[in-house]
Every structure is written in structure tokens, then in C-alpha cells.
Amino acid sequence: MKILVLNVGSSSVKFQLVETDEASIAAATDRRLARGQIERIGGEAILTLSAAGHEDVRRAHPLRDHTAAIEYIVGWLMSDESGVPITSVGEIEAVGHRVVHGGERFSQSVRVDEKVRRQLEELIDLAPLHNPHNLRGIAAARSVVGPGVPQVAVFDTAFHHSLPETAYVYAIPYQLYRRYRVRRYGFHGTSHRYIAYRYRQLTGRTREGTKILTLHLGNGASACAIVEGKSVDTSMGFTPLEGLVMGTRSGDLDPAIIDFVSSKEGLNLNEIDSLLNKQSGLLGISGLTPDMRELLAEEAENGDRRARLAIDIFCYRARKYIGAYLAAMNGADALILSGGIGENSPEVRRRICAGLEWMGIELDDAKNKAIVGGGEGRIDGAKSRVEVWVIPTDEELLIARDTWRVVTGAELQG
Ligand code: ADP
């Protein structure tokens, strides 16, 4: 089945066209036929389009809204330029959408009908920055591919539905949870779930008896403790701001800082929110960039002190979460690193794991250095009591597989 996967933001659309079915899921041979992204929708948009076996295309084109962007994508998929083997819209059999917030209602992926659409609207309050765009994407896709083509919502929060109360209730007055559902939701769920599934596939293990700790380290970063295939704790909270140090997000901090900084700097709450989400993290500490690769280069080439500090704090916070989740799970079989940083930086992996020997985690230097650029495999040393893996995440693939399963009624994996 050919499935269009969409991730719709305020002025952007990322897409992939994936061919998948039961046999290809079992053998991990699903085919990615095309991918790309459109940015700056609403004006002269910037398009990056890439199809298997063809040169990447980058161009500017005026696109007034998300419907126009999705129309363009579908038109390009059918064109000779893309070379993708579809000739009519009807060959796109389903659309899978990344939806950020599923609240307490959605514990797994669902087909979007009128009732689900209304329920998603009710959740806008919890994710005002994301869910409205996701909903707009669903409406736009429907108008382009037609109302008969199933649209499936795959939620960032759904995998964390299994969190126990002890992990999701904050130690603030309980009525705030009762009244407004203020609690830990967790995000990046599709990524953690994919990594855990892939680990079991690579090792031939079943869910039973497995305990793993996944670190998704990209621009956003989060940790997840997974017992028997279920998320039991995760570092992002009510919003994606909590937890690890990220590209531009602070992660954990003392909430008293908010009032103090707001009065000292004369900032209102919106400005503080933007300071913590967009000007903090690696960017805030280094004063240079949110990009880990650039920070590593600054440190190595110029010995930049604050670049080093940013990397050190990033690694230290990750190490503390490893300690916390090993305690939460009473040990683990495997620690798995993923995301742009986890997949590509042996240096950051080394610095995160340095000093965890007492907990039974040791890396093999050569194996660690050997995995970059999309490779996957084990990097722990002979004496390590915990397996350490690098497994590239693939949220779009899992969205496509979930979409196939929801549409065909097959059991959801992972
Ligand atoms: P997103 O969360 O937006 O999907 P990614 O998972 O692509 O982001 O991760 C982006 C991060 O990965 C950036 O900080 C980038 O610098 C980092 N990264 C990518 N390649 C490398 C590399 N070779 N070494 C270190 N960091 C890298």
C-alpha cells in the first residue's frame, strides 16, 4: 500500500511516500519512494524534494497555504520529474499524519473521522502551537486526495499512555490535574516506540522481560524508560520543554527562575516562554548555535570555552537521566542512542557514557567510532553489563506502518 506520511507545521510540510504491507513490515523491507519538505508556506515557499534514484530538487515556488503545498507534493509525486511510480491521486491509498498531542484520550493511532476530528479540536488547549497545524494538515490532505482516502492520526504522546501515575502526576496541587489535566504527557513517542521495536527485531527478543532505556538526541531530546515494550517514564512533560538539554530548549530548571528573570529583565510570560523554548539549551549556553555538530567543531578547532560547556552540560544531563531511569527500572538490558546527535556523534556518545562504569555501562572505543551516518549496531565493550546500541530512529516509517495497520485492521506493533 502506498502511504503518504505528512508532518504539518505552522508554515511547513514534511512528507514521505512509503510503500508498506504485512510482509515488508515483517522483513523491514518497506520502501521509501520519495521524501521532502516545504518551508515558508504562505509566500515564496522553499521546496526540497527527493525521490529514490533521482537527483534532489530544490526550488522556490509561491504556495498560498497548506492545501496548495499538499497539492504541489501530490502533483510532483505523479510527475515525470519525480519518477515515482504513481500516475493518479487514487494510487495514494492512505495518509498518515504526525499529530503532536493526543491528550489522555488517544492511546494509539486512529483513523480520523468526524468524531476524532472534534476530539482533536478539544485538545488544542493542550498543544496550541502544534495541534491546530496538524488539524489544518488533515483538512488540506482530505481536500487534495478526496474524502474516500483514509486519514490516520499518529500521536507523539500515545506511546507514553502507559506511564504509571507515579511518573505522570506532578507534585503540585492535585486539583490542577483534576481540573485541567496538568500532568506529564511525554513526546517523541513514535521515535521511542520505533527504536524499542527495532531493538527487539535486531536481537530476536520479545517484549516479555526486556528493560531498555532510549535516548532520542536531536534538536529536541528526550529519554524514555521502556519495560516489556511499554513506556514507564519519559523526560518530556506537560510540554516538550522538560527534561534533557536541547538545541534551544532549557530542559529541567527551577520554576522560580521564571518570576526572577521576568522581573529583572522586564519580560512577560510569553517572552519567558520563548526564552526557554527558543533561546536556551545549547544555543543559550554557547551563545553560538543550537547545532551540536557546529559546537563540536568550535570546541575542537578553536577551543571555545562556552561551546565545550554547552556540550558538557548536554552530556551531563543525559548521564543523570540514564542514572535515574536505571533506578526507575531496577537496571536495564540495553541503552539505545538515537536522533541526529545520538546516531552521528561518537564523541557525544563517549562523553555521555564516560563515568557510568559503576552502573555497568562501558563502550568499546572502536565500535563506537565505527557507527555514524545511519549505521546501526552495538557499541558496548566486553565488560559492559548493559548492552549499548545505536539505532537510527524512523518516525515516518512507523507512521506509515501504523497507518497501514489502522486501515487494514491489523494489530498495531510496538
Ligand atoms: P530533529 O530533532 O530536528 O529531527 P535531528 O535528529 O536531525 O533533529 O538532529 C539534529 C542534531 O543532530 C543537530 O544538533 C546536529 O548538529 C546533530 N548532528 C547531525 N550530524 C552530526 C554529527 N555528525 N556530529 C554531531 N552532531 C550531529
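Located above this text is the structure these notes cover.
What you are looking at is a predicted structure, and each value in this text was computed from that prediction instead of being measured.

The subject of this paragraph is the site of the ligand. Taken together, 13 residues form the shell around the ligand, and within it Asn219, Asp291, Met292, Arg293 and Gly340 come nearest. Within the backbone of Arg293, a nitrogen or oxygen atom sits 2.9 Å from an oxygen atom of the ligand. When isolated, the ligand has an accessible area of 580 Å², and the protein chains bury 70% of it. Looking at the shell around the ligand, the elements that each hand over two or more residues are α11 (292–302) and α13 (339–344). Sorting elements by how many residues they give to the shell around the ligand places α13 first, with four residues.

With respect to topology, eight strands assemble into an open sheet ordered β5-β4-β3-β2-β1-β6-β8-β7, the strand pairing being mixed. Among the strands making up the open sheet, the edge pair consists of β5 (57–62) and β7 (110–111). The strands that helix α2 (residues 66–78) touches are β1 (2–8), β2 (13–19), β3 (31–39), β4 (44–51) and β5; relative to β2, the one it contacts most, it runs at about 35 degrees. Seen against the sheet, helix α16 (residues 395–408) touches β1, β2, β6 (94–99), β7 and β8 (151–155) and runs at an angle of roughly 125 degrees to β6.

With that out of the way, let us pick up the packing of α11 against helix α12 (residues 305–329). How two helices pack is summed up by the angle between their axes together with the distance between the axes. At their nearest, the axes of α11 and α12 sit 8 Å apart, and the two run at 125 degrees to each other. Classified by the angle between their axes, α11 and α12 sit oblique to one another. Along this stretch, α11 crosses α12, giving a crossing that reads as left-handed. Side by side, α11 and α12 meet where Met292, Leu295, Leu296, Glu298 and Glu299 of the first sit next to Ala307, Arg308, Ala310, Ile311 and Phe314 of the second.

Going through the model one piece at a time under the given rule, you end up with seven aromatic pairs. With a centroid separation of 6.3 Å and an interplanar angle of 70 degrees, the aromatic rings of Phe15 and Trp76 are classed as edge-to-face. A residue pair is termed long-range when its members are at least 10 positions apart, and Phe15 in strand β2 and Trp76 in helix α2 qualify at 61 residues. Taken individually, Phe15 and Trp76 each receive the classification buried, so the pair is uniform in this respect. For the ring pair Tyr185 and Phe238, a centre distance of 6.2 Å and an interplane angle of 40 degrees mean the geometry is tilted.

On to the pattern of salt bridges. Summed over all chains, the structure comprises 25 salt bridges. Residue Glu104 is joined to Arg181 by a salt bridge in which the shortest nitrogen-to-oxygen separation is 3.0 Å. On the criterion of sequence distance, the pair formed by Glu104 in the loop between β6 and β7 and Arg181 in the loop between α6 (174–180) and α7 (189–203) is long-range, its members being 77 residues apart. Each of Glu299, Arg308, Asp312, Glu347, Arg350 and Arg351 takes part in salt bridges that share partners, so that together they form one network.

Further remarks concern the nonpolar core. Counting residues in hydrophobic clusters, the biggest one holds 55 residues, and the most contacted among them are Leu215 and Leu335. Among the elements that take part in this core, α12 stands out by supplying 11 residues, more than any other. Beyond its immediate stretch of four places on either side in the chain, Leu215 contacts Ser222, Ala223, Leu244, Ile322, Leu335, Ile336, Leu337, Ser338 and Ile352. Counting 33 residues, the second-largest nonpolar core is a separate cluster that includes Val13, Ala51, Trp76 and Ile92.

How each quantity is defined
- Each chain carries its own residue numbering, running from 1 in the written order of its sequence.
- Confidence filtering applies because this is a predicted model: local features only for residues at pLDDT of at least 70, side-chain atom pairs given and counted only at 80 or more, and all residues used for totals across whole chains, interfaces and linings.
- Calculation of side-chain values draws on the structure's entire complement of heavy atoms; hydrogens and water are dropped beforehand.
- Any residue with a non-hydrogen atom lying within 4 Å of a molecule or strand is treated as near it.
- Polar contacts here mean pairs of N or O atoms no more than 3.5 Å apart (in protein, one a potential hydrogen donor and the other a potential acceptor; neighbouring residues in sequence count only if both atoms are side-chain atoms).
- Areas reported as accessible are Shrake-Rupley estimates using a 1.4 Å probe. Residue values count occlusion only from the protein chains shown.
- Only runs of H or I of at least four residues qualify as helices and only runs of E of at least two qualify as strands under DSSP, and these elements are numbered from the N terminus.
- Here a strand pair is declared whenever DSSP counts at least two bridges between the two strands.
- By definition, residues are in contact when any of their heavy atoms lie within 4.5 Å.
- Angular values range over 0 to 180 degrees, each being the angle between N-to-C directions of two axes fitted as lines to C-alpha atoms, with helices fitted over their stretch in contact.
- Oblique is the label for every angle not falling under 35 degrees (roughly parallel), over 145 degrees (roughly antiparallel), or within 65 to 115 degrees (roughly perpendicular).
- Note: crossing handedness is left-handed where the near helix turns anticlockwise from the far helix by less than a right angle, and right-handed where it turns clockwise.
- Stacked, tilted and edge-to-face are the three classes applied to pairs of Phe, Tyr and Trp rings, where Trp contributes its six-membered ring and a pair requires centres within 6.5 Å; stacked means planes under 30 degrees apart, edge-to-face means over 60, and tilted covers the rest.
- Only protein chains enter the calculation, and the probe is 1.4 Å; a residue is then buried if its accessible area is under 20% of its type maximum, exposed if over 50%, and partly exposed in between.
- Any carboxyl oxygen of Asp or Glu that lies within 4 Å of a side-chain nitrogen of Lys or Arg is treated as forming a salt bridge with it.
- Residues enter a nonpolar core if they are buried and are Ala, Val, Leu, Ile, Met, Phe, Trp, Tyr or Cys, with the set joined through side-chain atoms within 4.5 Å.

Without other data, these values stay purely geometric and don't point to any function.
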